[in-house]
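Structural features, examined
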Amino acid sequence: MSLVMDLYEMTMANGYFSDGLDKIKKVTFDVFYRNNPDNGGYAIFAGLEQVLELVKNFHFSKSDVAYFRSLHLFSEEFLTYLESYHFHGDIDALPEGTVMYPHEPILTVTAPMLDAQLLETAILAEINHQSLIATKTNRIVRAAQGRVVSDFGARRAHNMDAAVYGARAAYIGGANGTATVFAGKEFGIPVGGTMAHSWVMYFDDEFEAFKKYAEIYPDNVVLLIDTYDVIHSGLPNAIRTAKEILHPMGKRLKGVRIDSGDLAYLSKRVRKILDDEGLHDCQIVASNSLDEYTIRSILDQGGRIDSFGVGERLITAKSDPVFGAVYKLVAVENQDKTWTPRIKVSESIEKITNPGRKDLYRIYNSNGKALCDLIACEGETVDLSAPFRYVDPKEPWRLRHYTNCTAKALKVPVVRDGKVIYQTPSLDAIREFVRHQLTEEIWEEEQRFENPHPHFMDMTPAYYEEKMQVLAQSRKGR
């Protein structure tokens, strides 16, 4: 997987190497993103475990080096160096599952420039994909209002890795389980699934298909009732299966699934008929091109659905399928071990980076609600025992203070001198961490689907002044 990189990472690395390893300066890169998916109020950080696995195993095999040699781009000395290469730097990151916001550093790499450059694409690929799917799933879960949501997306994923790691990210985002078996084995995610239309169509009639399934799996019978006609065929045959096959065995029909048609209308019809037949405990499962908008619409219309199987629009984040995290140089170390900030300037304001080595804090009010995030200079003291002045970079002229607040440093060390030092939590713990933040810390107003309240990104006066000085200095070079 070390070759999951853009070629320019290797051409630049070879260029740095050509000046001598002892001359390669140490640098700092920040990973951040510019916009929340679907114009939402926040995103969820996911993929850190896979980043750490990448760092731990990052090396070049003999066949990798032979391939690079075949490109006729690199010096033989550099290729020899690659044969025993391992990453030499440090990484700090948000804990996986952290609720995050645009323009803040979510992962920071500090390493010799050659090392820092080689990780760029792989880090972004992991974080962009899983953060996107975790965020999308969380929106879908919130739309379901406490009902079960399962990932049904593998066959619509962009490839098999996207299916498996998408299922992992979906579980972090709040999905109750997945239909993807490998994700269940690899990550311990609950798996579920019953039958396809092909099962029903294989048998001579629908009742025979239901009967056979119930006899094989009497404790977990969920019947797919829309192969022919939900109301006039599928549902009557499901009820007959419940009464003639399951009841004599002392079993109950667990559920019926509808995979097409007007789900709001059909679910209300099905619920009434099931209740009239005494099958009050039989759940209704819905699938078929669902997302947070269709689910919310179904429920707003009184749809009687207990569980949602969500496929293509979850696993591809169809409504906004690009997360957009970037990897930007923010500081270069000097010979005296001090650091010079670097800034990317653009005609587009949102593309101007936050320069320098920095710390990131979340500020909480006395009730434990997250008021904002705060960028400070690296090592700067943030003491909130007294009113603390901060700068809103959108309105820097205003005199503002935090009062009766607390601060929590968000990033933690995960790699030191190339060694992974972070103990990755269980997937269930990460999932619970997401749930806790959204129920206890993050304002409901930030969780709206439309026009969410913005989460403020503030700066200490010292950091704001540093950024302005770096900007001013950059103008002299234009």
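The structure presented is a predicted model; accordingly, all values stated were derived computationally and were not measured.

1. A few points about the side chain of R139
Inspection of the secondary structure puts R139 in helix α6 (residues 120–143). A polar contact is formed between the side chain of R139 and the side chain of E292, at a distance of 2.7 Å. Excluding its chain neighbours within four sequence positions, the residues that come into contact with R139 are D38, G40, E292, Y293 and F449.

2. Side note on the sheet that holds strand β3 (residues 90–93)
Across the sheet, seven strands lie side by side as β13-β12-β1-β5-β3-β19-β20; this open sheet has antiparallel pairing. On the outer flanks of this sheet lie β13 (339–341) and β20 (419–420), each paired with one strand and no other. One ladder, built from three bridges, connects strand β12 (residues 326–333) with β13; its direction is antiparallel. When the sheet's bridge partners are listed, A331 is paired in β13 with P341. Sitting on the sheet, α6 is in contact with β1 (26–32), β5 (107–112) and β12, with an inclination near 135 degrees to β12.

3. Describing the state of the cysteines
Taken as a whole and judged by the stated rule, the model has zero disulfides. The thiol of C372 is not disulfide-bonded; the next cysteine sulfur, from C405, is found 7.4 Å away. Among the cysteines around C377, which has no disulfide bond, C372 carries the closest sulfur, lying 16 Å off. Here C377 falls in the buried class, since its relative accessible area comes to 15%.

4. Some words on helix α13 (residues 292–300)
Within the sequence span of α13, burial applies to E292, I295, I298 and L299. Down the axis of α13, the sector holding all buried residues measures 130 degrees, keeping them to one side. Those residues of α13 hidden inside the fold are in contact with α6, α12 (263–276) and β11 (307–310). Its side-chain oxygen at 3.0 Å from the backbone nitrogen of Y293, D291 defines the N-terminal cap of α13.

5. Re helix α1 (residues 7–18)
Compared with an ideal rise of 1.5 Å per residue, which puts twelve residues at 16 Å, α1 spans 17 Å between its outermost C-alpha atoms and is within 8% of the ideal. Residues of α1 that are buried include every one of E9, M10, A13, N14 and F17, and no others. Viewed end-on, α1 has its buried residues packed into an arc of 130 degrees, placing them on one side of the element. Positive phi shows up at G20, right after α1, with a value of about 105 degrees.

6. So, the packing of aromatic side chains
A full pass over the atoms with the stated rule returns 21 aromatic pairs. Ring centres of Y165 and F187 lie 5.8 Å apart, and the angle between their planes is 55 degrees; this geometry places the pair in the tilted category. Note that Y165 is positioned in helix α7 (residues 160–173) and F187 in helix α8 (residues 181–187), a separation of 22 residues in sequence. A cation over a ring is seen here: R240 above F207, with NZ or CZ 3.6 Å from the ring centre. Here R431 stacks its cationic end above the ring of Y171, 4.6 Å away from the centre of that ring.

7. Notes on empty space enclosed by the protein
For the structure on display, the rule yields one cavity of 30 Å³ or more. Considering only enclosed or pocket space, the largest cavity measures out at about 40 Å³ in volume. P37, G40, G41, Y42, T135, R139 and R142 are the residues that line the largest cavity. Residues that form the lining of the largest cavity fall into these classes: two nonpolar, three polar and two charged. Counting contributing residues per domain, the lining of the largest cavity is built from domain 1 (7–134 + 321–477) and domain 2 (135–316), each supplying no fewer than three.

8. Structural notes on the UniProt feature "domain: Nicotinate phosphoribosyltransferase N-terminal" (unreviewed entry) in the chain
Per the UniProt annotation, the sites labelled "domain: Nicotinate phosphoribosyltransferase N-terminal" (unreviewed entry) are residues 3–128. Between the C-alpha atoms that bound residues 3–128 the distance is 18 Å, and the span itself is 43% helix and 17% strand.

9. Overview of the pattern of salt bridges
Following the criterion strictly, the structure yields 28 salt bridges and no others. With a shortest N-O distance of 2.6 Å, R69 and E76 are connected by a salt bridge. Looking at R69, the relative accessible area reads 33%, which means it is partly exposed. For E450, the salt bridge is made with R296, and the minimal N-O distance between the two is 2.9 Å.

10. Focus: unusual backbone geometry
Backbone geometry at D38 places phi at a positive 60 degrees, although glycine is not the residue there. Despite not being glycine, N451 has its phi angle at roughly 50 degrees, a positive value. Given the relative accessible area of 67%, N451 is considered exposed.

11. A closer look at the domain arrangement of the chain
For an interface, size is often stated in terms of accessible area lost upon the parts coming together. According to the domain assignment, the chain consists of domain 1 (7–134 + 321–477) and domain 2 (135–316). Look at where the C-alpha atoms of domain 1 and domain 2 centre, and you get two points 40 Å apart. Listed by partner, the interface residues are 28 residues for domain 1 and 27 residues for domain 2. Of the roughly 2,300 Å² buried between domain 1 and domain 2 on both sides combined, carbon and sulfur atoms contribute 52%. Per-residue buried area on domain 1 facing domain 2 is highest for I133, R431 and F449; these three make up 33% of the total on that side. Between the two partners, domain 1 and domain 2, sit five salt bridges. Note that R168 is salt-bridged to E96, the shortest N-O span being 2.7 Å.

Conventions and cut-offs
Residues numbered from 1 in each chain as written. Predicted model: local features only at pLDDT ≥ 70, side-chain atom pairs only at ≥ 80, totals over all residues. Heavy atoms only, no water. Helix = DSSP H or I, 4+ residues; strand = E, 2+ residues; numbered from the N terminus. Polar contact = N/O pair within 3.5 Å; in protein donor to acceptor, adjacent residues only side chain to side chain. Contact = heavy atoms within 4.5 Å. Pairing = 2+ DSSP bridges. Axes fitted to C-alpha atoms, helices over the stretch in contact; angles between N-to-C directions. Disulfide = S-S within 2.5 Å. Buried < 20%, exposed > 50% of the residue type's maximum accessible area, 1.4 Å probe, protein only. Arc of directions from axis to C-beta. Expected span 1.5 Å × (residues − 1). Phe/Tyr/Trp six-rings, centres within 6.5 Å; stacked < 30°, edge-to-face > 60°. Lys NZ or Arg CZ within 6 Å of the ring centre and 35° of its normal. 1 Å grid on protein atoms, 1.4 Å probe; cavity = no way out; pocket = protein on both sides within 12 Å on 5 of 7 lines; lining within 4 Å. Points joined across faces, edges and corners; volume = space filled by probe spheres on them. Nonpolar A, V, L, I, M, F, W, Y, C, P; charged D, E, K, R; others polar. Domains from an automatic or database assignment. UniProt positions renumbered as here; feature names shortened; annotations may be inferred. Salt bridge = Lys/Arg side-chain N within 4 Å of Asp/Glu carboxyl O. Buried area = accessible area lost by both parts, 1.4 Å probe.

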